[in-house]
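Structural features, examined
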Amino acid sequence: MRLPNLERLFVNRYQTVTVTVYCALAALPSLIFPHPIALLPLAVIPLGLIFILKKPFVVCLIFIMFSFFRLHEVFPQLDPIKIPLLTALGSYFVLAWHIILTKKVQVYWRHEHTIFARFFGWVVIGIAFSSYPPTAFGSFTSVYMKIGIMVLAISWLMTEHWHFKLAHFLIICSGLAVGGVTLYNNANGIGMVEETRVTIPGTSLGDPNDLSLVLSFPMSYAVALATTKGTGKIRTLLGLIGIVIFVSSIIATQSRGGLLATVAVFGIFGLRIIKSKLLLISIGSFSLMILVAAAGISDRKSGGAAEEGVDASAMGRIHAWEAAFNMALRNPMTGVGLSLFLDNYWDYATHSRAEGQAHVTHSTWFQVMSESGFVGFGLFGFMIFTIFMSIRSSLTRLDRNKGSPEYDPHMTAIAVGTYAGLVGFCVSGSFLSQGFLWPVYIITSISIAIANFMDNHYPAEEENSETEKASIVSGLADTIHGKGLPHAKQPESPNKKQ
């Protein structure tokens with residue numbers, strides 16, 4: 001049937017308008033992005049949205065890798081892409097999406113969350129009572145608030161077995177990238193501090209001590225992968241390669257805290273292998289002397305053999321620790337406030353400006369004490385203790401289930417690696433100001449995720465004992481009533497006799 005002329009005209013005009021609108025919308029991005037190559041990211045956006053909704057933990061993990069290892073700073077070519085910002089926004093979006101709408105993310109709350117929340121809340125309260133609230137609030141919104149959100153995000157999203165394997169693998173690979181750049185800089189004399197200590201200049205890892213702390217964390221995972229049986233030959237080889245690169249990189253930084261952390265990390269694995277504590281202490285002491293000699297600590301301009309008595313580096317730390325203690329002493333409840341140690345340094349220092357310069361605290365413990373008071377210091381210490389006990393409990397449960405069908409060596413590897421990483425942080429963090437930065441909080445969130453995984457897949461000993469007690473009591477009750485004796489003659493009921 002042919003349409004009348006009027007109807008055909010209407011349809012043709014409708015199609016013409018539709019095509020025109022579509023063409024205009026398609027051409028609109030070209031007005032904003034003149035170069036055709038700039039349109040390519042627009043085509044990736046739908047695929048990116050699908051990916052972050054399907055794999056929310058991967059997006060969260062990428063954000064953590066870039067925030068902790070500063071990969072966009074180590075490799076400046078990645079900086080224009082703004083990966084930390086995009087992954088942070090993506091993490092917040094998928095977390096809210098799956099909690100509120102799809103309900104695929106199971107929100108849970110553990111004792112470790114409560115301990116962390118107490119310290120986090122106290123830091124927030126301290127902002128109002130700080131010496132200069134605008135600075136404290138700016139530091140909170142730029143870094144510490146993100147840390148609080150991501151602790152919850154990691155612990156809630158890290159639930160599957162492959163999540164832990166992927167996190168273990170990417171932590172080592174990210175560390176290898178930083179360690180490779182460190183060794184390259186050392187070989188070519190790039191970013192050298194005091195002529196002998198390597199850094200990665202132009203980044204947050206421009207201090208050799210900070211660089212050694214960042215490298216000690218993946219080192220613990222590499223040692224765990226190399227020493228845990230059953231993880232596979234390729235992963236074992238990756239762990240061995242990681243050990244060589246991480247230890248070499250830490251030696252190149254000539255960081256005394258980094259060398260102590262290295263010995264502490266290997267000592268944790270030694271405790272699981274060597275039964276004799278005296279032999280382990282002897283091996284640790286001898287290894288430390290070898291590392292100190294290999295690092296050439298005596299050749300350092302600060303803290304080397306050329307300085308008599310207490311060297312300038314150590315004296316600077318002592319002055320900073322004295323100032324930090326005085327800050328906590330005069331402000332015992334909330335301290336001077338977040339990121340305000342340097343601003344208050346000369347008001348609490350015991351030496352004059354002529355005797356030295358202002359230093360950061362060079363200690364996580366004194367930093368927390370000065371910026372959150374004795375109360376905050378106590379809450380922080382209790383949080384560290386709680387995480388220690390949580391990982392130790394998870395390791396004990398894994399060791400008890402060795403040989404069972406549900407046992408997985410990869411979980412043991414990441415658990416012992418996290419445990420050793422926390423020990424390394426406590427040792428090297430005693431000489432670095434890392435109380436309000438990423439390292440310890442990433443360890444905290446992974447520890448909570450491991451504990452939650454243990455509860456869901458490995459029964460606790462207490463639960464087993466309670467089950468056994470219940471079965472014994474039930475068996476005794478059945479025996480008393482005659483049900484447990486197969487040959488016992490059961491009394492006939494009165495109805496049956498009738």
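Residues numbered from 1 in each chain as written. Predicted model: local features only at pLDDT ≥ 70, side-chain atom pairs only at ≥ 80, totals over all residues. Heavy atoms only, no water.

Remarks on the overall build of the chain
Of regular secondary structure, the chain possesses 19 helices and 2 strands. In the chain, which comprises 498 residues, the proportion classed as buried is 45%. Intrachain contacts of the chain at a sequence separation of at least 6 include 73% that bridge at least 24 residues. Within the structure as shown, the chain displays about 25600 Å² of accessible surface, and the carbon and sulfur contribution to it stands at 67%. (Helix = DSSP H or I, 4+ residues; strand = E, 2+ residues; numbered from the N terminus. Buried < 20%, exposed > 50% of the residue type's maximum accessible area, 1.4 Å probe, protein only. Contact = heavy atoms within 4.5 Å. Areas by Shrake-Rupley, 256 points an atom, 1.4 Å probe, with all protein chains shown as cover.)

Observations regarding the nonpolar core
Core analysis: the biggest nonpolar cluster contains 111 residues, and Tyr 144, Met 158, Val 178 and Tyr 441 have the highest contact counts within it. Not counting chain neighbours up to four residues away, the residues in contact with Met 158 comprise Phe 57, His 163, Phe 164, Ala 167, Ile 414, Ile 446 and Ala 449. (Core = buried A, V, L, I, M, F, W, Y, C linked by side-chain atoms within 4.5 Å.)

Here we look at the pattern of salt bridges
All chains considered together, the criterion is met by 6 salt bridges. For the salt bridge of Arg 397 with Asp 455, the shortest nitrogen-to-oxygen distance reads 2.9 Å. Of this pair, Arg 397 sits in helix α15 (residues 364–400) while Asp 455 sits in helix α17 (residues 438–457), and the two are 58 residues apart along the sequence. Overall, Arg 397 belongs to the buried group, its relative accessible area being 10%. (Salt bridge = Lys/Arg side-chain N within 4 Å of Asp/Glu carboxyl O.)

Here we look at the packing of helix α3 (residues 56–69) against helix α8 (residues 161–188)
At their nearest, the axes of α3 and α8 sit 10 Å apart, and the two run at 25° to each other. In terms of axis orientation, α3 runs roughly parallel to α8. When the axes of α3 and α8 are compared, the crossing they make is right-handed. Taking contact as the criterion, the partners of Phe 57, Val 58, Leu 61, Met 65 and Phe 69 in α3 are, on α8, Trp 162, His 163, Leu 166, Ala 167, Leu 170, Ile 171, Ser 174, Gly 175 and Val 178. Per-class residue counts for the contact of α3 with α8 are 11 nonpolar, 3 polar and no charged. (Axes fitted to C-alpha atoms, helices over the stretch in contact; angles between N-to-C directions. Parallel < 35°, antiparallel > 145°, perpendicular 65-115°, else oblique. Left-handed = near helix turned anticlockwise from the far one by under 90°. Nonpolar A, V, L, I, M, F, W, Y, C, P; charged D, E, K, R; others polar.)

Remarks on the environment of His 98
Relative to the helices and strands, His 98 resides in helix α5 (residues 83–101). A sequence separation of 45 residues divides His 98 from Leu 53, and the C-alpha atoms of the two residues are 8.1 Å apart. Apart from residues lying up to four places away in sequence, His 98 is in contact with Leu 53, Pro 56, Lys 103, Lys 104 and Val 105.

Some points on the environment of Met 369
Note that Met 369 resides in helix α15. Between the alpha carbons of Met 369 and Pro 332 there is a distance of 8.6 Å; along the sequence they are 37 residues apart. The contact partners of Met 369, leaving out residues within four places of it in the chain, are Phe 325, Ala 328, Phe 374 and Phe 377.

Concerning the packing of α5 against helix α7 (residues 133–157)
In contact at an axis separation of 11 Å, α5 and α7 are set at 50° when each is read in the N-to-C sense. Between α5 and α7, the angle is such that the two are oblique. Read as a crossing pair, α5 and α7 show a hand that is left-handed. Judged by residue contacts, Ser 91, Tyr 92, Leu 95 and Ile 99 of α5 engage Lys 146, Ile 149, Met 150, Ala 153, Trp 156 and Leu 157 from α7.

As for the packing of aromatic side chains
The final tally for this structure, using the stated rule, is 22 aromatic pairs. Consider the rings of Phe 164 and Phe 453, whose centres lie 5.2 Å apart with planes at 65°: the pair is edge-to-face. On the criterion of sequence distance, the pair formed by Phe 164 in helix α8 and Phe 453 in helix α17 is long-range, its members being 289 residues apart. For the pair Phe 164 and Phe 453, a shared accessibility class is recorded, and that class is buried. By way of ring pairs, the aromatic residues Phe 116, Phe 119, Phe 120, Phe 137, Phe 140, Tyr 144, Trp 365, Phe 380, Phe 436 and Tyr 441 are connected into one cluster. (Phe/Tyr/Trp six-rings, centres within 6.5 Å; stacked < 30°, edge-to-face > 60°.)

A few points about the side chain of Ser 433
Structurally, the position occupied by Ser 433 is in the loop between α16 (409–428) and α17. A distance of 2.6 Å separates a polar atom in the side chain of Ser 433 from a polar atom in the side chain of Thr 361. Apart from the residues lying within four places of it in its own chain, the contact partners of Ser 433 are Val 360, Thr 361, His 362, Ser 363, Thr 364 and Gln 367. (Polar contact = N/O pair within 3.5 Å; in protein donor to acceptor, adjacent residues only side chain to side chain.)

Quick word on a nonpolar patch on the surface
Taken together, Phe 93, Trp 97, Ile 100 and Leu 101 make up a surface patch of nonpolar side chains, about 400 Å² in accessible area. Relative to the helices and strands, Leu 101 resides in helix α5. Leu 101 sits in the exposed class, given a relative accessible area of 57%. (Patch = residues over 30% accessible without salt bridge, like charges linked within 9 Å, V, L, I, M, F, W, Y side chains within 5 Å.)

Considering the confidence of the model for the chain
When pLDDT is averaged along the chain, the result is 80, and 78% of the positions lie at 70 or above. Per-element confidence in the chain is highest for helix α6 (residues 111–128), whose mean pLDDT is 94, and lowest for helix α19 (residues 494–497), whose mean pLDDT is 44. Contacts of residues 6–11 to residues separated by more than four positions or lying in other chains number 2 contacts, the stretch itself having pLDDT below 50. The model gives residues 462–473 a pLDDT under 50, and that stretch makes 1 contact with residues more than four places away or in other chains. (pLDDT = per-residue confidence, 0-100.)

Points about unusual backbone geometry
A positive phi angle, near 60°, is found at Lys 103, a position not held by glycine. For Lys 103, the position within the fold is in the loop between α5 and α6. With a relative accessible area of 55%, Lys 103 lands in the exposed category. The backbone of Ser 339 sits at a positive phi, close to 65°, despite the residue not being glycine. Relative to the assigned elements, Ser 339 resides in the loop between α13 (312–330) and α14 (345–348).

Section: the side chain of Thr 253
In this fold, Thr 253 is placed in helix α10 (residues 233–253). In contact with Thr 253, not counting residues within four places along its chain, are Arg 197, Val 198, Pro 208, Leu 211 and Ser 212.

Topic: the environment of Ala 413
Mapped onto the elements of the fold, Ala 413 is located in helix α16. Residues Ala 413 and Ala 226, spaced 187 residues apart in sequence, show a C-alpha to C-alpha distance of 8.8 Å. Excluding anything up to four places from it in sequence, Ala 413 contacts His 168, Ala 224, Thr 228 and Thr 231.

Digging into helix α12 (residues 277–295)
The end-to-end C-alpha distance of α12 is 27 Å, a good match for the 27 Å that 19 residues give at a rise of 1.5 Å each. Regarding α12, the residues found buried are Leu 280, Gly 284, Leu 291 and Ala 295. Buried residues of α12, viewed axially, fall in a sector of 35°; they line one side. Along α12, exposed side chains directed more than 90 degrees from the buried face belong to Leu 278, Phe 286, Met 289 and Ala 293. Considering only its buried residues, α12 is in contact with α10 and α11 (256–273). (Expected span 1.5 Å × (residues − 1). Arc of directions from axis to C-beta.)

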